[in-house]
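# Remarks on the overall topology
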Amino acid sequence: MLAELGESSTPSVHFEGGAEERDKSALVSLLEQLTTSTALYPVFLETSKLLVVVSIQRYLRGPGNEERSRSASSYLFDVTVTDGITHVKCHLAPALNSLVHWNCLRAGRGIHITRCSLVHDEKRLNRCFLQIEALELAAAYCDPSLSILSLSIEPLRSLTASQRGRDLLRTLQTEAPLRVGRHHYLPLWNNNDPCGREWIGSKTPPFLNVPLEGFGLISLQDLSMTWRTNVGFPRILVRIMHKSRLRYYGRPQMDFPYQAYFEVADQSGMMPLVLWNSLCPEWYQSLHVGTVLLLHRYSVKDSYQMRTWATPRDPQIKSLRTIEICLNPRDPRAEIQIVPHQQVKAEWRLPDIKYNFITRLELDQLSEGFTCDIIGLVTFVGRCQRIRKEDSSEDFYLYRWVHAVDGSTEQPFVLELFATSQPETFQQIHPMTYLVCTQMRLVRELRPGGVITTVPYLTTSNESQISISGHHKGQPYTKDPKVQGFIRWVKGQHEKDVMKSSVIGGYYSFPPAPKLFQEYCKNLDAEALLTSTSELKKEIESLHYKEHKRLILQGTIVAVQYICHTDPAVRLGAVPIQEVDAFGASSSQPVRCLHGPEKDTRVIQQTEQLRVNPVRNRYPLRDLQKSYDSKCQAHKPLRKKLSNPPTGMPKQKRKVNRQGAMSSKRPAAAQDAEVAASTKGSSQAAEQPVPPDEDDYGRCDTGVTTDGNSKYTWRSPTWSEIREHLSEHLHFGQLLPESLPRRFVYKHRDFLMQQHNLQAAECSPATAISNMELQSFASACCHGYYTVTMVGVNHQVAVDVVFLPVVMSHNSHRMLGLSMDVHDNTAASVMTSGYICDKQTADNDRLKQISSYPDQIIKTAADLDNTRVICILDVCHHGEGKSEVILHKMYRMTE
């Protein structure tokens, strides 16, 4: 039995150390307890040892009614944990899936398993697994050594004494998902990228010479005319002209429900080709644009016309798109041979790859929907974000914004890059790299509305491919004249000059909304676009990790506050990283997550600080509540644990939302007093900026108040009365560190790319957290920000949001697309335009300097009193309860 168990090549259990250490393994003790028990009831663990999450893996849920009744989620998760001695892969109870959706449970995080059970897979023989029913989140950070997995069965010899133990060992040794008989995992955050060991990288051709003389070949044109009368088709010799991203169609009955479209050509024409199912993991990453293939045992059928098509570059190639070639894994299994580049002969007359590169100067003259190729030097890379494919769906598109210049004009290409099934390339895009994007589609019209944008941008198509520095060698486009011209231009640039304009991350919303709301909702029902303030909380809570959504609210602005970045009392990072209390006071307490009788509930423990016991002192554990010094440097661990709440904290129970934040439904004055007490109760963390409705700033009905800390506040005379009758006040008025764009530092590019990519699915040396902090990098936004308080039309719900205007003269990457008309720098003008003017303007034939000082702008906010407005908000969830809500644009109803 032991010999049989040791044959697996991809185990899920890892042991290290001697027998004495193994005896101390909390996971081994737990497994022995579960496998020797006669009952299958969940085991409660009141004093569980700290475990660290090594990896989280996602897969499609099966069609069974049992799973459907337990969770509405379409996907399941397996979690590998370690106690420093043993690695064990467990299944996460579906009711806890939301912890992964919000990135609260992630690789490198510390957890305490408080309830678990042993579950038998009734659809497979001799299979059972450990299921986590309830857990508590702790603080831990990934150590690279956690990812090293190897197998040793000897330490678990005691488990083989029982049938359950033997079943458990069989399951733990497989690389496949634990439930429903799945054969592969999906990427953690989207479905379009290759993921897992099944996906083979570029293949080395297993043959040295391709003897074409003995084969009977058929041209694509002849194939298109004779395919209905043939049973077996001769071989075809073709070159790949276009390649699409992967498509995951998610059919539960299929082992690998993938397909990928290509277009291949020979001297007679060009035809679609489809790679199906398990051939995708085997071949997709080996088939590139320009690759020559010898194909046999393929099938032919009518092509699927309801798909996108690449734009042909060579008008002399005949299009044969009425049928498509299918490469199947069986019935029959297709034979695929890659012809090495050095063996390709001119007499085969295979068509060359042609491109349609354009310069940025030429872009302005092109029409909507034009397809082109571009090359540029990257100057800005936005953070990775996600948008849902459909409402209420758990499937997401992954994308980011990029700027690139080519020297033809000072204006950059604005690129909306969706994931192209090239995860290594997509995650490695950074400023100062040379970027090539093919089959990009020009966008000039805003959606919704159809308004023409002032700055056109390019978005990826299904057939787009991207390449960055280090991957250009040997690519067909390197001989293109415009690519050669770009290379000559780059050689004349100075690195320091390029570095000055290089920016990464931060809030970026493009294209800007049009000047008039009527244009924004042109040809659409404006009421269908609006979200009520009572629905706002639900909309924000429904967001998943890095999901972006745009919401439109109507109401009145009752308070505006300016906060300076450099003020130590409001320094970024002063709030706890674990939870940002958007609905009340900030909290850094651990969260207990349960499944079963108490499922979907979370209990805030009344502790001042979180103590985490290190795992054998081997892993760098840090408390999630951080305090920063005047230079935003390293945080210090908080180890003391108290049984009583901090001074001033209320002792009554509070309703907790899914972000661990307090949802306030008591009188506003009582809420304010509680928030003020809680934010002043901790002496180890920097003070959280007080919302603009706090009594610390005093009351002023008509003017501007300041507390001497570079803060200026205006409040409506009616605000005091309105807030006494609010049913809820949502606090999203603090700028998060993730919202600020940073100056790019080339030598720290790996850290900066990691910070602005999505959370890694597993711990590895490449994803280990360094000692650097994002706040230690200079901000590309050198001024402060505004907190705007808006109340709904019914005066039932108020919300604080961030407003981060651009300063006109600072040449910001966010200036693109804005009108740049000079205005009077009133608060209304700034919120309407999105930028602050610092130029001169003529007034009654006399030049005067427009004041761009925050206190002067705040004074003019009184003009908004009792004015109905429509606000466009950009909302993004950054994980661990941190939601970013930023005012993109304001419309006055009179406009």
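None of these values were measured; they are calculated from a predicted model. (Residues numbered from 1 in each chain as written. Predicted model: local features only at pLDDT ≥ 70, side-chain atom pairs only at ≥ 80, totals over all residues. Heavy atoms only, no water.)

In terms of regular secondary structure, the chain is built from 20 helices and 37 strands. Counting every position in the chain, which comprises 895 residues, the buried fraction comes to 59%. Once local pairs closer than 6 in sequence are excluded, the contacts in the chain between residues at least 24 apart make up 74%. When the accessible area of the chain is evaluated, it comes to approximately 37,700 Å², of which 49% is carbon and sulfur surface. (Helix = DSSP H or I, 4+ residues; strand = E, 2+ residues; numbered from the N terminus. Buried < 20%, exposed > 50% of the residue type's maximum accessible area, 1.4 Å probe, protein only. Contact = heavy atoms within 4.5 Å. Areas by Shrake-Rupley, 256 points an atom, 1.4 Å probe, with all protein chains shown as cover.)

Before going further, it helps to spend a moment on the pairing of strand β12 (residues 292-296). Within β12, four of the five residues are buried, which leaves it mostly tucked inside the rest of the structure. Sheet topology places strand β8 (residues 236-243) next to β12; four bridges connect them, and they run antiparallel. The residue bridging valine 238 from the neighbouring strand is leucine 293, located in β12. For β12 and strand β15 (residues 335-339), the ladder comprises five bridges, and the chain directions are antiparallel. The residue bridging valine 292 from the neighbouring strand is valine 339, located in β15. (Pairing = 2+ DSSP bridges.)

So, on to the pairing of strand β5 (residues 86-92). Burial analysis of β5 places seven of its seven residues in the buried class, the great majority of the element. Residues Thr86, Val88, Cys90 and Leu92 of β5 are buried on one face, and the alternating residues His87, Lys89 and His91, pointing to the opposite face, are buried as well. Pairing of strand β4 (residues 75-82) with β5 involves five bridges; the strand directions are antiparallel. In the sheet register, valine 81 faces β5, and the bridge partner there is valine 88. Hairpin connection, β4 to β5: the antiparallel pair is bridged by three residues, and glycine 84 has positive phi, about 95 degrees. Of the pairings in the sheet, the one linking β5 to strand β7 (residues 128-137) comprises two bridges and is parallel in character. When the sheet's bridge partners are listed, leucine 92 is paired in β7 with isoleucine 132.

Checked against the element boundaries, histidine 183 lands in the loop between α6 (163-172) and α7 (220-226). On the accessibility criterion, histidine 183 (43% relative accessible area) is partly exposed. In the structure, histidine 183 is positioned 73 residues away from phenylalanine 256 in sequence and 7.6 Å away in space, judged by C-alpha atoms. For histidine 183, the residues in contact, after removing those within four places along its chain, are Pro177, Glu198, Asp255 and Phe256.

Our next topic: the environment of asparagine 811. Along the chain, asparagine 811 turns up in the loop between β32 (806-807) and α19 (827-833). Sequence-wise, asparagine 811 and serine 501 are 310 residues apart; in three dimensions their C-alpha atoms are separated by 9.0 Å.

Per the stated rule, a full pass over the model turns up 19 salt bridges. Here arginine 106 and glutamate 880 are joined by a salt bridge, their closest N and O atoms 3.2 Å apart. In this pair, arginine 106 is assigned in the loop between α5 (97-101) and β6 (110-120) and glutamate 880 in the loop between β36 (868-877) and β37 (883-892), connecting sequence segments 774 residues apart. You can call glutamate 880 buried: its relative accessible area is 10%. The closest approach of N and O atoms between glutamate 282 and arginine 333, which form a salt bridge, is 2.7 Å. Within this pair, whereas glutamate 282 is found in helix α8 (residues 279-283), its partner arginine 333 is found in the loop between β14 (323-327) and β15, the two being separated by 51 residues in sequence. Residue class for arginine 333 comes out partly exposed when judged on its relative accessible area of 37%. One network of salt bridges, in which partners are shared, links Arg106, Arg109 and Glu880. (Salt bridge = Lys/Arg side-chain N within 4 Å of Asp/Glu carboxyl O.)

Turning our eyes to something else, we now look at the nonpolar core. Where a protein is soluble and globular, its nonpolar side chains tend to be buried together. Membership of the largest hydrophobic core comes to 82 residues, with the highest contact counts inside it found for Leu105, Leu415 and Leu435. If you tally residues by element for this core, the top one is strand β16 (residues 371-381), at six residues. The contact partners of leucine 415, leaving out residues within four places of it in the chain, are Ile374, Arg400, Trp401, Val402, Ala404, Leu435, Cys437, Met440 and Leu458. Judged by nonpolar contacts, the second largest core, of 38 residues, contains Val238, Phe256, Val300 and Ile323. (Core = buried A, V, L, I, M, F, W, Y, C linked by side-chain atoms within 4.5 Å.)

Buried residues of helix α18 (residues 749-756): Phe751, Leu752, Met753 and His756, and no others. Buried residues along α18 sit against β18 (396-405), α10 (423-427), β23 (503-504) and β29 (742-743).

Right, let's talk about the confidence of the model for the chain for a bit. Residues with a pLDDT of 70 or more make up 71% of the chain, whose mean pLDDT is 77. This stretch, residues 841-847, has a pLDDT under 50; its non-local contacts, to residues over four places away or in other chains, come to eight contacts. (pLDDT = per-residue confidence, 0-100.)

Attention now moves to the side chain of arginine 109. When you line up the elements, arginine 109 lands in the loop between α5 and β6. Separated by 2.8 Å, the side chain of arginine 109 and the backbone oxygen of cysteine 104 make a polar contact. Looking at arginine 109, its side chain comes within polar contact range of the side chain of glutamate 880, at 3.3 Å. (Polar contact = N/O pair within 3.5 Å; in protein donor to acceptor, adjacent residues only side chain to side chain.)

Cis rather than trans, the peptide bond between aspartate 331 and proline 332 has omega equal to -10 degrees. Summarising the element assignment, proline 332 is placed in the loop between β14 and β15. Omega for the peptide link from phenylalanine 510 to proline 511 comes to -5 degrees, which places this bond in the cis form. Tracing the backbone through its elements, the reader meets proline 511 in the loop between β23 and α13 (517-520). The phi dihedral of asparagine 277 falls on the positive side, at around 50 degrees, and the residue is not glycine. Relative to the assigned elements, asparagine 277 resides in the loop between β11 (269-276) and α8. One non-glycine residue, glutamine 439, lies in the positive phi region at around 55 degrees. Relative to the elements of secondary structure, glutamine 439 occurs in strand β20 (residues 434-445). Note on glutamine 439: relative accessible area 4%, which makes it buried.

Three or more residues of helix α3 (residues 26-36) are buried, namely Leu27, Val28, Leu30, Leu31, Leu34 and Thr35. Viewed end-on, α3 has its buried residues packed into an arc of 160 degrees, placing them on one side of the element. (Arc of directions from axis to C-beta.)

What follows covers the packing of aromatic side chains. Under the definition given, this model contains 27 aromatic pairs. Ring plane angle 50 degrees and centroid distance 4.7 Å describe the contact between tryptophan 189 and tyrosine 545, whose orientation is recorded as tilted. With a gap of 356 residues between them, tryptophan 189 in the loop between α6 and α7 and tyrosine 545 in the loop between α15 (533-541) and β24 (548-563) connect regions that are remote in the sequence. By the burial criterion, tryptophan 189 is buried, and tyrosine 545 matches it. Residues tyrosine 249 and tryptophan 276 carry aromatic rings whose centres are separated by 6.2 Å and whose planes lie at 75 degrees to one another, so their mutual orientation is edge-to-face. Of this pair, tyrosine 249 sits in the loop between β9 (247-248) and β10 (258-266) while tryptophan 276 is found in strand β11, placing the two residues 27 residues apart along the sequence. Among the aromatic residues, those joined into a ring-pair cluster are Phe380, Trp401, Tyr457, Tyr508 and Phe510. Directly above the ring of tyrosine 284 sits lysine 243, whose terminal nitrogen or CZ lies 4.1 Å from the centroid. Sitting above the plane of the tyrosine 261 ring, arginine 307 keeps its charged end 4.0 Å from the centroid. (Phe/Tyr/Trp six-rings, centres within 6.5 Å; stacked < 30°, edge-to-face > 60°. Lys NZ or Arg CZ within 6 Å of the ring centre and 35° of its normal.)

Position of phenylalanine 215 relative to the elements: it lies in the loop between α6 and α7. What makes phenylalanine 215 partly exposed here is its relative accessible area of 25%. For phenylalanine 215 and arginine 235, which are 20 residues apart along the polypeptide, the C-alpha to C-alpha distance reads 7.2 Å. Leave out the neighbours within four places in its chain, and phenylalanine 215 touches Arg235 and Leu294.

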